[in-house]
Amino acid sequence: MEASAYAKNCPSRQILDRIGDTWSVLVVMMLADGPQRYTALSRRIEGVSPKMLTQTLRGLERDGLIGRTVHAEVPPRVDYELTELGRSLLVLVGALENWAETHIEDVQAARAAYDNPGVRVSA
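The structure contained in this document is the topic of the report that follows. Keep in mind it's a predicted model, so treat the numbers as computed, not measured.

**Focus: the overall build of the protein**
Then comes step 1: Scanning the protein from terminus to terminus reveals six helices and three strands.
Then comes step 2: Counting from the amino terminus, helix and strand elements in the protein follow one another as α-α-β-α-α-β-β-α-α.
Then comes step 3: A compact globule built from 123 residues should have a C-alpha radius of gyration of about 14 Å, whereas the protein, at 18 Å, is more than 25% larger.
Then comes step 4: Along the first, second and third principal axes, the C-alpha set of the protein runs to 65 × 40 × 25 Å.

Here it is in structure tokens:
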């Protein structure tokens, strides 16, 4: 089957869902500098619940984008890091992060204009 994200049964849609997810984007960016522990990820990514972070990490691992290393220590230590496949996303995800941070004021102005028709709002 030829991959086409526009075809309703194409598995590439699942990948777009994964890499387009807010938490996945933030985890990938956090792992850009090297392996991180779960606690470091949870502290740095504000607003993510433990359940959602765990689900995100498992999904990224299942898709081959991150690796998980369990160290035989007491207490147990688990490190997460990008795989080669995951590192191939860094340019794309970094561009998304940069775009979001660069254009947030424009988006907020557009939302305000949409939510308040007839009121002139500028960025």
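**Considerations on unusual backbone geometry**
Then comes step 1: Residues Val-74 and Pro-75 are joined by a peptide bond in cis, for which omega reads -5 degrees.
Then comes step 2: Tracing the chain through its elements places Pro-75 in the loop between strand 2 (66-71) and strand 3 (77-82).

**Looking at the sheet that holds strand 2**
Then comes step 1: What the three strands build is an open sheet, ordered 1-3-2; its pairing is antiparallel. Each end of this open sheet is capped by a strand with a single partner; those strands are strand 1 (36-37) and strand 2.

**Details of the pairing of strand 2**
Then comes step 1: Bridge count between strand 2 and strand 3: six bridges; the pairing is antiparallel. When the bridges of strand 3 are listed, Gly-67 appears paired with Glu-81.
Then comes step 2: Counting the residues between successive antiparallel strands, the hairpin from strand 2 to strand 3 contains five residues.

How each quantity is defined
- Residues numbered from 1 in each chain as written.
- Predicted model: local features only at pLDDT ≥ 70, side-chain atom pairs only at ≥ 80, totals over all residues.
- Heavy atoms only, no water.
- Helix = DSSP H or I, 4+ residues; strand = E, 2+ residues; numbered from the N terminus.
- Rg over C-alpha atoms; globule rule 2.2 N^0.38 Å.
- Pairing = 2+ DSSP bridges.

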